[in-house]
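These are the residues of each chain, in order.
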Amino acid sequence: MTGPQEFRPDADFARKLEAADPVPSRRDHFCIPPMPSDPERESIYLCGNSLGLMPRDARPAIEAFMDDWARYGVEGHFEARDSWYDFHEPLRAPLARLVGAHPHEVVVMNTLSVNLHLLMASFYRPTADRYRILIDGPCFPSDVYAVKSQIRFHGFDPDDGLVWVRPRDGEHMIRTEDIEDRLSGDHGIALVLLAAVNYYSGQHYEMKRITQAARAAGCLVGWDCAHGLGNVPLNLHETGADFAAWCHYKYGNAGAGAIAGAFVHERWVREMDLDAYAAMPRFEGWWGNDPATRFRMGPDFTPVRSADAWALSNPPILSMIPVKTSLGIFDDVGLDALRQRSMRLTGYLERLIESVGSEDVQVITPRDPAARGCQLSLLVSGGRAFFERLQAAGVICDFREPNVIRIAPTPLYNTYEDCWRFAEVLREMKT
Ligand SMILES: *Cc1c(COP(=O)(O)O)cnc(C)c1O
């Protein structure tokens, strides 16, 4: 973006950067929450890592669905403006583009933790000498619970079966070579399940290199993309991962608890021999059956040749509507362009924080733009009290005990001016 000599920490400069950015913000497509203390002003919303903002077009789309339901009842499955029977089909292509997969490798279904379990039912098949699961620390608690309960479910001891890789003492990011070291020798690891972007540090791992190392070590590989979707290019197919899962309510902007997504690599779908595919351990329901025979309602399951084979139920249309709206916005901007804007925006915010020079704040997210998404994690002295002062000043961000604040300038709707306003708050709080 700007050369070092050009940077200025003032509001005019922020507006200049916004005007000059080749990828304009889509802020006017979203509802920006007002400041609680002054409803006339917009809050400094830096919490897209936790809950994305509401796309304005979601509301009329939901109202149209309600009208169709009122008007058609069950006939809405085929008569509605966007028929419910195949409502999920138009989501497939834009979602595949967003995660870097073939359309038949992705499916919209359930919620994230549920999908992790369904995928582990197929891809965590422990044996007496290979039963461990490698995860990154700190790890989102739900994933730890999911993994531990899977290990226990198969009759192993989670204390023995769960293997962590963490940053070295005094460091905040995990070194790829430390992951590779874990995967060498006699490790007993059956499954590697890491976050694409670590929720705590904001580190974006070298997904392809790690996937290749894990596969070379005979492990299956899954990625939890909760903080990666809509944030960084995931290139799931190309990384070679066996599976992945994510939610759509963080950078996906689809609303709290929105229907989630999953990826299954084509080697487990199209490249499998049909008998082996049908015989795979998999928890099954009618929506995973080949649509050509689904409504024959026969007793034998024929898995469809796509990630949809892992779907169980007919999907919630209401929950899919904001996903569809949001995917349309991503498609309109394009992930590559959005990522470029994101790197500029986060780099600028980092620069501003440095210019404040507060001794109370240390950025622990990697400095290398390739090793992070938009989120910056700040280690703050003063812990929760510091966070509450930010809140009182109109900043919406989140806090992780005991002393980490996460801020995410989300490139679809945050602006350079948001970053500048945040830095001004920090400046005023400086002791
Ligand atoms: C947000 C998040 C979850 C949340 O799981 P849900 O099933 O959607 O409640 C799980 N894991 C990670 C890594 C997350 O970031």
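Keep in mind the model is a prediction, meaning the values are calculated, not measured.

**Digging into the domain arrangement of the protein chain**
- According to the domain assignment, the protein chain consists of domain 1 (4-46 + 334-430) and domain 2 (64-329).
- Each of domain 1 and domain 2 was reduced to a C-alpha centroid, and the two centroids are 30 Å apart.
- With 25 residues of domain 1 at the contact, the number on the domain 2 side is 17 residues.
- For the domain 1 and domain 2 pair, buried surface summed over both sides reaches about 1900 Å², with 62% attributable to carbon and sulfur atoms.
- Per-residue buried area on domain 1 facing domain 2 is highest for Leu335, Ile364 and Gln375; these three make up 26% of the total on that side.
- Where domain 1 meets domain 2, there are 7 residue pairs in polar contact (both at pLDDT 80 or more).
- If you list the elements that add at least two residues to the side of domain 1 that touches domain 2, you get helix H14 (335-356), strand S12 (376-380) and strand S15 (404-407).
- Broken down by element, the residue count for the side of domain 1 that touches domain 2 peaks at 3 residues, all from H14.

**A closer look at the sheet that holds strand S8 (residues 220-224)**
- One open sheet holds the 7 strands; their spatial order is S4-S10-S9-S8-S7-S5-S6, and the pairing between them is mixed. The open sheet is flanked by strand S4 (106-108) and strand S6 (162-165), the only strands paired with a single partner. The sheet shows a mean angle of 20° between the axes of neighbouring strands, direction not considered.
- Contacting S4 and strand S9 (243-246), helix H4 (residues 89-99) runs over the sheet at an angle of about 120° to S4.
- Each of strand S5 (132-136), S6, strand S7 (189-195) and S8 touches helix H6 (residues 141-153); the most contacted strand, S6, lies at about 145° to it.

**Structural notes on the nonpolar core**
- Counting residues in each nonpolar core, the largest one holds 63 residues, and the members touching the most others are Val99, Leu183, Trp223, Leu236 and Trp246.
- In terms of residue count, the dominant contributor to this core is helix H13 (residues 317-333) (8 residues).
- Those residues in contact with Trp223 that sit more than four places away from it in its chain are Leu193, Leu194, Ala195, Ala196, Tyr205, Met207, Ile210, Thr211, Ala241, Phe243, Ala244 and Ala245.
- Counting 37 residues, the second-largest nonpolar core is a separate cluster that includes Phe123, Phe243, Cys247 and Val269.

**Remarks on empty space enclosed by the protein**
- In total, this model carries 1 cavity of 30 Å³ or more according to the counting rule given.
- Of the pockets and cavities examined, the largest cavity occupies roughly 90 Å³.
- Lining of the largest cavity is provided by His88, Leu91, Arg92, Leu95, Val106, Val107, Val108, Trp287, Asp308, Ala311 and Pro315.
- Contributing elements (two or more residues each) for the lining of the largest cavity: H4 and S4.

**Details of the packing of aromatic side chains**
- Within this structure, the stated rule accounts for 21 aromatic pairs.
- With centroids separated by 6.0 Å and ring planes inclined at 80°, the aromatic side chains of Phe7 and Phe13 adopt a geometry described as edge-to-face. An identical accessibility class is assigned to Phe7 and Phe13; each is buried.
- Pairwise contacts between aromatic rings join Phe78, Tyr85, Trp286, Trp287 and Phe295 into one cluster.
- Arg282 extends its terminal NZ or CZ atom over the ring of Tyr277, reaching a point 4.7 Å from the ring centre.

**What to know about the sheet that holds S15**
- A sheet is described by the order of its strands in space; here 4 strands give the open sequence S11-S12-S15-S14, paired in antiparallel fashion. Looking at strand neighbours, the two that pair on one side only are strand S11 (361-363) and strand S14 (398-400), the edges of this open sheet. Each strand of the sheet is rotated relative to its neighbour by a mean of 30°, with strand direction disregarded.
- Judged from the 4 bridges that link them, S12 and S15 form a sheet pairing that is antiparallel. Bridge pairing links Leu379 to Val404 in S15.
- Along the sheet face, H14 touches S11, S12 and S15 and points at about 20° away from the line of S12.

**What about the environment of Thr415?**
- Topologically, Thr415 is positioned in the loop between S15 and helix H16 (416-429).
- Non-local contacts of Thr415, meaning those with residues more than four positions away in its chain, are made with Glu18, Ser25, Arg27, Arg341 and Leu345.

**A look at the site of the ligand**
- Around the ligand, the neighbouring residues are Leu112, Ser113, Phe140, Asp143, Asp224, Ala226, His227, Tyr249 and Lys250.
- Separating an oxygen atom of the ligand from a side-chain N or O atom of His227 is a distance of 3.1 Å.
- Between the ligand and the protein, one listed contact pairs an oxygen atom with a side-chain N or O atom of Lys250 at 2.5 Å.
- Starting from 390 Å² of accessible surface for the ligand in isolation, the protein chains cover 84%.
- Grouping the amino acids of the shell around the ligand by side-chain chemistry returns 4 nonpolar, 2 polar and 3 charged.

**Here's the deal with the side chain of Ser326**
- Structurally, Ser326 can be placed in helix H13.
- Beyond its immediate chain neighbours, meaning those up to four positions away, Ser326 contacts Pro55, Gly252 and Asn253.

What counts as what
Residues numbered from 1 in each chain as written. Predicted model: local features only at pLDDT ≥ 70, side-chain atom pairs only at ≥ 80, totals over all residues. Heavy atoms only, no water. Domains from an automatic or database assignment. Contact = heavy atoms within 4.5 Å. Buried area = accessible area lost by both parts, 1.4 Å probe. Polar contact = N/O pair within 3.5 Å; in protein donor to acceptor, adjacent residues only side chain to side chain. Helix = DSSP H or I, 4+ residues; strand = E, 2+ residues; numbered from the N terminus. Pairing = 2+ DSSP bridges. Axes fitted to C-alpha atoms, helices over the stretch in contact; angles between N-to-C directions. Core = buried A, V, L, I, M, F, W, Y, C linked by side-chain atoms within 4.5 Å. Buried < 20%, exposed > 50% of the residue type's maximum accessible area, 1.4 Å probe, protein only. 1 Å grid on protein atoms, 1.4 Å probe; cavity = no way out; pocket = protein on both sides within 12 Å on 5 of 7 lines; lining within 4 Å. Points joined across faces, edges and corners; volume = space filled by probe spheres on them. Phe/Tyr/Trp six-rings, centres within 6.5 Å; stacked < 30°, edge-to-face > 60°. Lys NZ or Arg CZ within 6 Å of the ring centre and 35° of its normal. Near = heavy atom within 4 Å. Areas by Shrake-Rupley, 256 points an atom, 1.4 Å probe, with all protein chains shown as cover. Nonpolar A, V, L, I, M, F, W, Y, C, P; charged D, E, K, R; others polar.

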